[in-house]
Amino acid sequence: MLDLFMILSKGGIVLWCFQGTMQFFAPSVNALIKSVILEERAGSRMFTNDGLTMQYKLDNEFELIFVVAYQKILQLNYVDKLLDDVHLEFRDRYKRDLQKGCFFQCFDFREAFHVVLQNVEDWSRIRESALRKMRSFEDSQKSKKTVASMIESRKDFPSKNKNKKTDDEKKDCLVNSSFNSNLQSQETQEKQLPVENDPKADIIEKPRVKLMKLQLANTKRSDKGKTIPAQKQKGKQARIWENGGGSKDIETLDFSKKSDSGDNKDEDFGIVDPTTKQSRSWVLSMKGDLQDFQPESLSEEEGKRHDNDDDCGEIKTGVQLKHDKVVCQSKGFGVFGIFRGLVGSKSITREDVIPVLEKMKEHLISKNVAAEIAEKLCESVSLKLEGKVVGTFSGIASTVKSTLNDALVQLLLPRRRINILRDVLEAQKQHRPYVITFCGVNGVGKSTNLTKICFWLIENNFRVLIAACDTFRAGAVEQLRTHARHLNALHPPEKHGGLQMVQLYEKGYGKDAAGIAMEAINYARDGRLDIVLVDTAGRMQDNEPLMRALSKLIHVNQPDLVLFVGEALVGNEAVDQLVKFNQALADYSSKENPQLIDGIVLTKFDTIDDKVGAAISMTYVTGQPIVFVGTGQTYIDLKNLNVNAVVNALMK
């Protein structure tokens, strides 16, 4: 039933291996190590690759990995118990050798493994037979019912009509009760008044009684003759718009006349023409690789504060200990403060870690990490911590913090580095254009960030063709045409040997986007242009017709790079968008190995302060790197992602 059981160290040394078939398992095991263990995706202990299902267990005390593999079509219920039992048996048998680090000796574990496997299989059969065994009639709930309990009588169902009253009756009751209460109040007032013929009444009280009676009579008459005036309905008033386009606004709205100043700047609307001093200062400022993005919120003082938090945990004596204790308590330890209560010189168990996992997850979610991703990340950290031995009281907090830091850094580091400048040079040697396709949902800034990347490529002396494949949104072609005119003004042909650096290929609206992209690529190949940037229409991930059109565009043109443009403001929505985009590209393609998303462009990164969790969510879902980060609205607001800065902002 089992195809493979392997015990190896985290350094890659195979200690012992059982192989049930002649299949070559090295690629599958390497894929497990690269895609799950090294990428900090240990939240799920199951991994599927090449028709095999693999489950694993980590031993953090001795740095071991236990891996079992079997065919995907099989459903084995005893794999988890097998991993646990083999783990305990191997540890108990070779504990001394593992403590000394003797990994290169011969581990004779075959007989013990077969004994454990046989016991686990027998346990599984007994468990399955117990579950499949039918209950007898005496064990069922039906046998406990008597004939008398099943007979229904009218007494069990009291009539509901007696207690029911119609809405009209309830209203009448309320009206009558209110009317009667008013009458009773008036009668009581009248009774309380002194009688006129009373000989004991004072002379002063008689006129007062008459006055009060007159007032009561007047109130009764006024209530009877009182009518509610009808309210007049107010009609909708027309709104008067400023500069609405009337005859009086012609002179105000006429912008055809040029301003007297030499600087072509419209101060009323803030539209900066490309020929201004500000835009001319951008030229030659982005040559070479892009700069790393540094969040402004993460200052040097905050970094020192994090360092001081770790120093507070060191063991000290005397007066210094009391002083540091007061300082540490005043500062607090945030998410990691709960670990201060653990006793040193002990191995961390799952029960010790469980209380902090919820706080850690809430902290990540507050930083805009998707809830599902935060839970998986915390589970991965707990698996790495379980079984680790901490030598001192102060080392627990620093161990947890460093483990989570390492997990986040490893997650954000790309599997493969995408170097567009190098890839463009390789495409030039093959006499073909380098094609980049941009996709994403509506309103995330695809066209704007496309032009930022175009400006960066022009700065590096590459000729660019922009393919206007957004044939759906009104104004999409005009937007790209305006950007192309601005970019050509910043880099005129006179400075590049008479060659136009940016060209726009467009066929209007309502056309097939895949056909326009193919024609643009052929045009760039004939015109010896270096790069083609394909702009696509924004679409929601649940729109099947538009997702089919995007899959067709990528399948027909086979771009070198497919970039997903997403906002840094989203949380759980980022996971849904990326999963469904990748799923649509895979489902609607006729290829056996369809092309999926190759990288991510994260926009509006300057608006989120330290809530950088969207970067973690997107990278965790796709496993692809964040290639560009948009940090503003000008052409030079394009940066690389600084992994350490993002992790520091996330842990702040």
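Residues numbered from 1 in each chain as written. Predicted model: local features only at pLDDT ≥ 70, side-chain atom pairs only at ≥ 80, totals over all residues. Heavy atoms only, no water.

S.K.: So what's going on with the sheet that holds strand E15 (residues 599-603)? Which residues, and what values?
M.R.: Spatially, the eight strands line up as an open sheet ordered E12-E11-E13-E10-E14-E15-E16-E17, and their pairing is mixed. Edge strands, defined here as strands with exactly one partner in the open sheet, are strand E12 (502-505) and strand E17 (638-639). Relative to E12, strand E11 (residues 464-468) runs parallel, the two sharing four bridges. Bridge pairing in E12 links Ile 466 to Leu 504. Across the face of the sheet, helix H15 (residues 420-429) comes into contact with strand E10 (434-439), strand E13 (531-535), strand E14 (561-567) and strand E16 (626-630) while running at roughly 135° to E10. (Pairing = 2+ DSSP bridges. Helix = DSSP H or I, 4+ residues; strand = E, 2+ residues; numbered from the N terminus. Contact = heavy atoms within 4.5 Å. Axes fitted to C-alpha atoms, helices over the stretch in contact; angles between N-to-C directions.)

S.K.: Explain unusual backbone geometry to me, using residue names and the numbers behind them.
M.R.: The phi dihedral of Asn 461 is positive, around 65°, even though this residue is not glycine. Structurally, Asn 461 can be placed in the loop between helix H16 (446-459) and E11. A positive phi angle is found at Gln 558, which is not glycine, with a value near 50°.

S.K.: Could you give me a rundown of the packing of helix H12 (residues 350-366) against helix H13 (residues 371-385), with the residues and numbers involved?
M.R.: Interaxial distance between H12 and H13 falls to 9 Å at its minimum, and their mutual angle equals 150°. Classified by the angle between their axes, H12 and H13 sit roughly antiparallel to one another. Crossing hand, H12 versus H13: right-handed. In this structure, H12 uses Arg 350, Val 353, Leu 357, Met 360, Lys 361, Leu 364 and Ile 365 to contact H13, whose residues at the interface are Ala 371, Ala 374, Glu 375, Leu 377, Cys 378, Glu 379 and Ser 382. Tallied by class, residues from the contact of H12 with H13 come to nine nonpolar, one polar and four charged. (Parallel < 35°, antiparallel > 145°, perpendicular 65-115°, else oblique. Left-handed = near helix turned anticlockwise from the far one by under 90°. Nonpolar A, V, L, I, M, F, W, Y, C, P; charged D, E, K, R; others polar.)

S.K.: Residue-level account of the pattern of salt bridges, with values.
M.R.: If you walk through the whole model with that rule in mind, you get 21 salt bridges. For Glu 89, the salt bridge goes to Arg 93, with nearest N and O atoms at 3.3 Å. Taken as a pair, Glu 89 and Arg 93 lie in helix H2 (residues 79-93) at a separation of four residues, close to a single helical turn. On the accessibility criterion, Glu 89 (28% relative accessible area) is partly exposed. The salt bridge partner of Lys 604 is Glu 567, with a shortest N-O separation of 2.3 Å. Placement of Lys 604 in the loop between E15 and helix H21 (613-622) and of Glu 567 in strand E14 is noted, with a sequence separation of 37 residues between them. Ionic contacts of the salt-bridge type, sharing partners, join the residues Asp 59, Glu 61 and Arg 91 into one network. (Salt bridge = Lys/Arg side-chain N within 4 Å of Asp/Glu carboxyl O. Buried < 20%, exposed > 50% of the residue type's maximum accessible area, 1.4 Å probe, protein only.)

S.K.: How would you summarise the confidence of the model for the chain if you had to cite specific residues and measurements?
M.R.: Where the model shows low pLDDT, its predicted coordinates should not be examined in detail. In the predicted model, the chain carries a mean pLDDT of 77, and the fraction of residues at 70 or more is 73%. Note on residues 188-196: pLDDT under 50 across the span, and ten contacts to partners over four residues away in sequence or across chains. Below a pLDDT of 50 lies the segment residues 259-272, which in the model reaches nine contacts outside its immediate sequence neighbourhood of four places, other chains included. (pLDDT = per-residue confidence, 0-100.)

S.K.: Run through the pairing of strand E4 (residues 52-59), naming residues and quoting values.
M.R.: Most of E4 sits out of view: eight of its eight residues are buried. Residue alternation in E4 divides its side chains into two sets, Leu 52, Met 54, Tyr 56 and Leu 58 and Thr 53, Gln 55, Lys 57 and Asp 59, and both sets are buried. Pairing geometry for strand E3 (residues 46-49) and E4, over four bridges, is antiparallel. Looking at E4, one finds that Thr 48 is bridged to Thr 53. Between E3 and E4, which pair antiparallel one after the other, the connecting turn spans two residues, and Asp 50 there sits at a positive phi close to 55°. In terms of strand pairing, E4 meets strand E5 (residues 64-71) through eight bridges, oriented antiparallel. Counterpart to Asp 59 in the pairing with E5 is Leu 64. In sequence, E4 turns back onto E5 through a hairpin of four residues, with Glu 63 there showing a positive phi of about 60°.

S.K.: Residues and numbers for the environment of Asn 640, please.
M.R.: As for its placement among the helices and strands, Asn 640 is situated in the loop between E17 and helix H22 (643-651). Classification of Asn 640 by relative accessible area gives buried; the value is 18%. Between the C-alpha atom of Asn 640 and that of Val 629, which follows or precedes it by eleven residues, the distance is 5.8 Å. A polar side-chain atom of Asn 640 sits 3.2 Å from the main-chain carbonyl oxygen of Leu 290. (Polar contact = N/O pair within 3.5 Å; in protein donor to acceptor, adjacent residues only side chain to side chain.)

S.K.: Give me the packing of aromatic side chains: which residues, what numbers.
M.R.: Evaluated as defined, the whole model comprises 15 aromatic pairs. Taken together, a centroid distance of 6.1 Å and an interplanar angle of 80° make the contact between Phe 66 and Phe 90 edge-to-face. Of this pair, Phe 66 sits in strand E5 while Phe 90 sits in helix H2, and the two are 24 residues apart along the sequence. In this pair, the class of Phe 66 matches that of Phe 90, namely buried. The interplanar angle of 85° and the centroid separation of 5.0 Å between the aromatic rings of Tyr 94 and Phe 107 together place this pair among those described as edge-to-face. One end of the pair, Tyr 94, is in the loop between H2 and helix H3 (95-100); the other, Phe 107, is in the loop between H3 and helix H4 (110-132), and 13 residues separate them in sequence. Just as Tyr 94 is buried, Phe 107 falls in that class too. Here a set of aromatic residues connected by ring pairs shows up, and it is made of Phe 5, Trp 16, Phe 18, Phe 66, Phe 90, Tyr 94, Phe 107, Phe 109 and Phe 113. Above the ring of Trp 123, the side-chain terminus of Lys 81 is found at 5.2 Å from the ring centroid. (Phe/Tyr/Trp six-rings, centres within 6.5 Å; stacked < 30°, edge-to-face > 60°. Lys NZ or Arg CZ within 6 Å of the ring centre and 35° of its normal.)

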